[in-house]
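Chains, contacts and geometry: an overview
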Amino acid sequence: MDLDRRRLLHSGAAALGAVVLSGAVPPRAGAASSRSEMTHAVGRRSFTPAVYPEVGPGTAFLDHRALLGDLPEAEWYEANIPFVDLPDAAVRDTYYYRWRVTKHALKYTGPQEGWILSEFLGPVGYSAPHGGIVAAAAHHIREARWLRDYRYLDDYIGYWLRGSGSGPKPAVDFLNKNTTDWAHQYSFWIADAVVARASTDGRWDHALGLLDVLERQWERWAPQFDDAVGLYWQTPVWDAMEYTASSHQSDDPYHGGDGFRPTLNAYQYGDARAIAALLRRRGQRGDAVKADRYDDRARALQANQERWLWDAGDQFYKHVMRDNNPQRQKIADREQIGFLPWYFHMAPQENSAAWGQLLDPGGFMAPFGPTTVERRSKWFMYQALEGCCRWNGPSWPYATSQTLTALANLLIDYPVQSHVDRAGYYAVLRAYALSHRKDGKPYVAEAHHPDEDRWIYDSRGHSEDYNHSTFNDLVLSGLLGVRSQPDATVTIAPLVPREWDHFAVENLPYHGHNLSVLFDSSGHYYGHGSGLSVWLDGRQIHRQGGLEPVTLSIGETVPHTLAHEVDDLANVEQTGYPLARASYTFPLDSPAKAIDGQDLHIDTPSSRWTNYGSPNAGDWLAVDFGVPTPVSDLRIAFYDDGGGVRTPDTFELEYLDELGGWHFLPGQERTPQTPGKGTLNRILLRSAVTTSALRLTATRTSGGAVGVTAWQSWRMQDPRLTLSIGTPSDGPVLIEPGTPTRLTTTVTARATAVVTPELLVPDGWKAVPTRKTRPSALAAGRTMRTHWLVTAPADLPRDQPRPLRLLVHSQGSRNQQFTSTSVVQAQAG
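Described in the following lines is the structure provided in the data block. Just so you know, these numbers come straight off a predicted model, no measurement behind them. (Residues numbered from 1 in each chain as written. Predicted model: local features only at pLDDT ≥ 70, side-chain atom pairs only at ≥ 80, totals over all residues. Heavy atoms only, no water.)

Quick look at the pattern of salt bridges
Inspection of the entire model under this criterion finds 47 salt bridges. In this structure, Asp473 engages Arg145 in a salt bridge whose closest nitrogen and oxygen atoms are separated by 2.7 Å. Here the residue Asp473 occupies a position in helix H14 (residues 472-479), and Arg145 occupies one in the loop between helix H5 (137-144) and helix H6 (151-161), the gap between them amounting to 328 residues. The class for Arg145 is buried, based on a relative accessible area of 6%. Residues Arg376 and Asp360 are paired through a salt bridge, measuring 2.9 Å at the closest nitrogen-oxygen approach. Of this pair, Arg376 sits in the loop between strand S10 (320-321) and helix H12 (397-413) while Asp360 sits in the loop between S10 and H12, and the two are 16 residues apart along the sequence. Looking at Asp360, the relative accessible area reads 25%, which means it is partly exposed. What you see here is one network of salt bridges that share partners, running through Asp311, Asp314, Lys318, Arg334, Asp360, Glu374 and Arg376. (Salt bridge = Lys/Arg side-chain N within 4 Å of Asp/Glu carboxyl O. Helix = DSSP H or I, 4+ residues; strand = E, 2+ residues; numbered from the N terminus. Buried < 20%, exposed > 50% of the residue type's maximum accessible area, 1.4 Å probe, protein only.)

See below:
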């Protein structure tokens with residue numbers, strides 16, 4: 001691992017990574033070690049589901065491993081993504097690269113909120129809790145809706161609508177002074193994205209369960225609605241667009257003058273229509289009336305947008321300044337946001353002349369994706385090369401995604417027009433794909449020069465795999481024309497060039513089925529007949545000679561239930577417990593990055609521990625849970641840069657007993673048996689072990705450095721139970737050292753279950769129930785309360801919070817053993 005390839009993270013996280021812990025040991029590591037198996041530490045192992053969702057019956061036309069190339073953890077892609085084969089290598093290779101971008105963006109935040117998708121791989125100062133940024137969240141949902149594992153988006157959508165992503169934020173200039181919660185920091189179109197997602201996976205029950213919070217999200221834009229104009233206003237920077245052409249015509253070029261824009265108004269239109277559709281689908285008393293009201297609001301937005309934002313002379317939707325503009329004059333410049341109304345089917349068909357600007361050399365045409373303002377504008381590329389971030393000319397993946405989604409809608413869902421055709425769609429998509437390169441390798445950053453093959457807003461350790469746009473959704477729903485439907489059908493309407501002689505999408509997850517589409521003009525390329533054929537769960541259901549659109553019945557949605565798993569090792573904030581330490585750490589890495597909820601296999605930003613440069617013959621990485629914790633399903637991703645840090649040949653796992661001795665974890669079942677490069681290592685224990693710390697020692701036979709990019713300890717929660725530990729509303733549990741403190745825990749059941757509670761406390765503490773606990777049947781809707789007397793050591797420091805863990809054993813159908821937990825922080829009061 002060459003030192004010149006390693007850089008500090010931009011945000012200051014390097015201070016954590018620079019710690020070299022040579023000689024440091026975890027608590028009590030100096031105690032006598034034993035090789036014996038400590039049977040008193042062994043308990044029941046929870047039900048352990050498969051690591052990846054089951055693909056199910058499908059086709060096997062394509063060579064998946066060849067298409068994936070050297071992507072680490074190929075099994076994740078095999079289980080999750082639709083595979084495509086395209087005659088255009090640039091588009092095809094970008095497609096697989098962009099799934100890597102999505103995988104890298106997945107961040108596990110902890111048991112409370114689960115998964116989110118990040119925008120930057122490293123932290124930034126203006127993000128919501130855990131690093132979420134709402135600006136591109138709808139893009140994330142549109143892209144990830146094609147993944148088979150629905151848990152990622154269930155968690156992520158919940159984060160923005162009910163979790164900390166919907167929580168309060170300061171109404172200050174740095175974080176948007178106009179709004180008071182994180183989900184309104186930037187313009188956001190979540191209801192439309194939720195409906196698009198449900199139309200793809202068929203899980204309408206999940207979408208309908210969000211109706212109350214989707215309505216709340218929509219209504220909370222009300223302070224930015226102008227009754228006189230009948231439109232919403234927005235500050236361009238909170239559209240995620242600094243230094244726009246309209247901004248330069250205000251007295252605040254960075255923020256931009258507040259204005260009536262095609263952005264937020266189109267988003268609110270799309271969300272209103274989506275909420276109305278959900279209300280009608282739910283069909284409860286009063287829902288039809290509410291749905292009509294949302295449709296009326298949408299129609300009013302549509303009419304007022306035509307009145308105020310449509311420039312009949314220039315045939316384009318434009319920005320209108322809110323202040324000092326009594327006549328509501330439109331700016332002279334066409335900006336790329338003028339294509340947005342087609343994204344939501346908001347624009348009438350007679351306005352399609354606007355699309356003549358997309359491929360106009362004086363309009364938005366560029367060899368590396370559309371420009372963000374027309375070239376005719378005097379503000380085109382004004383100061384754009386002087387520093388990030390200026391949306392007045394550069395090709396911006398965020399806006400390109402919106403434009404191509406809108407264009408696919410125009411070409412597939414609107415009447416035929418003469419301004420742009422499928423060749424235009426392919427030309428823009430291919431230009432966008434060609435921008436995804438740097439030094440000859442797949443890459444995406446913040447903005448690309450429209451005319452030169454280089455990223456212009458691109459900082460090391462910050463911009464890599466910048467997840468602020470879609471690409472694969474454009475390939476699947478646009479180029480290949482898989483159009484999700486709310487009913488038991490699918491529409492196939494490809495926009496591929498007519499000269500293409502073949503293409504394929506295989507085992508696309510759709511309404512619980514696997515959908516495959518093959519086009520082979522001669523029948524010789526794939527050897528399964530000529531023309532377009534469609535396969536459902538491995539069975540051919542349709543064949544036609546050409547590429548004309550077709551709508552097919554696919555039957556009822558097939559339900560799939562995935563386990564609710566939590567990772568007890570994750571510490572995304574890298575503070576408190578679990579606490580990672582190591583015998584030696586390369587100065588630009590950190591033990592904490594091995595348990596930060598991310599699994600990155602790129603050189604920067606750093607998200608790993610390595611012992612590169614260690615003077616020791618071998619090194620360990622250890623994690624202190626801070627409280628006894630059940631362990632039964634461990635997963636480790638080793639880092640391998642192909643140079644100084646390589647995959648180990650062997651590794652050992654130990655646990656800490658109550659007396660401070662380290663012992664090998666008993667009953668290990670390893671997959672694979674020996675570590676392989678780019679393979680997730682799973683270690684199942686035949687019986688669970690409860691311990692307060694784990695230690696990993698990985699070695700290479702020939703010597704040399706090793707590294708860990710992710711270390712996880714997964715456990716399946718009982719989905720029927722809700723657990724809590726009574727805490728003050730304003731902070732942690734307060735414990736008087738040396739004096740018993742009364743604490744109450746609760747277990748609430750959504751369905752009848754037999755439960756056994758246990759309160760686990762740090763070593764040296766005591767927790768005694770006021771009444772003996774035993775397995776008890778808990779009926780649906782009932783709550784079990786247990787009172788405990790918790791005693792901390794008399795010398796407990798007052799500034800060091802420690803975790804308390806409520807553990808509940810329960811049994812499910814088919815003798816599944818669940819181990820559910822809830823954790824709170826306690827400190828001396």
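Here the narrative resumes.
With respect to the state of the cysteines
Applying the stated criterion to the full structure yields 1 disulfide. In this model, Cys388 is linked to Cys389 through a disulfide, with the two sulfur atoms separated by 1.5 Å. Disulfide Cys388-Cys389: torsion about the S-S bond near 65°, hence right-handed. Under the relative-accessibility criterion, Cys388 is labelled partly exposed at 41%. (Disulfide = S-S within 2.5 Å.)

Topic: the nonpolar core
Counting residues in each nonpolar core, the largest one holds 169 residues, and the members touching the most others are Trp160, Leu429, Leu479 and Phe503. No other element matches the 10 residues that helix H10 (residues 262-282) contributes to this core. Of all hydrophobic cores here, the second largest spans 26 residues; its members include Ala582, Ile683, Val708 and Trp711. (Core = buried A, V, L, I, M, F, W, Y, C linked by side-chain atoms within 4.5 Å.)

Side note on the sheet that holds strand S32 (residues 733-735)
Strand pairing in a sheet is mediated by backbone hydrogen bonds. Such pairs are either parallel or antiparallel. What the 5 strands build is an open sheet, ordered S32-S39-S38-S34-S36; its pairing is mixed. A single partner strand is all that each edge strand has here, and the edge strands are S32 and strand S36 (776-778). Pairs of neighbouring strands in the sheet enclose a mean axial angle of 40°, with direction left out of account. (Pairing = 2+ DSSP bridges. Axes fitted to C-alpha atoms, helices over the stretch in contact; angles between N-to-C directions.)

Focus: H10
Taking 1.5 Å per residue as the helical rise, H10 with its 21 residues ought to reach 30 Å, and the 30 Å between its terminal C-alpha atoms agrees with that figure. Of all 21 residues in H10, 16 are buried, a share of seventy percent or more. Directly beyond the C-terminal end of H10, a positive phi value near 70° is found at Gly283. (Expected span 1.5 Å × (residues − 1).)

Some details on the pairing of strand S29 (residues 681-699)
Counting buried positions along S29 yields 15 of 19 residues, so the element is predominantly enclosed. Pairing geometry for strand S25 (residues 620-638) and S29, over 12 bridges, is antiparallel. Within S29, the position partnered with Trp620 by the bridge is Thr697. The pairing of strand S26 (residues 650-656) with S29 spans 6 bridges and is classified as antiparallel. Residue pairing in the sheet places Thr650 in a bridge with Thr699 of S29. As judged from the 4 bridges shared by strand S28 (residues 668-671) and S29, these two strands associate in the antiparallel manner. Bridging across to S29, Thr671 finds its partner in Arg682.

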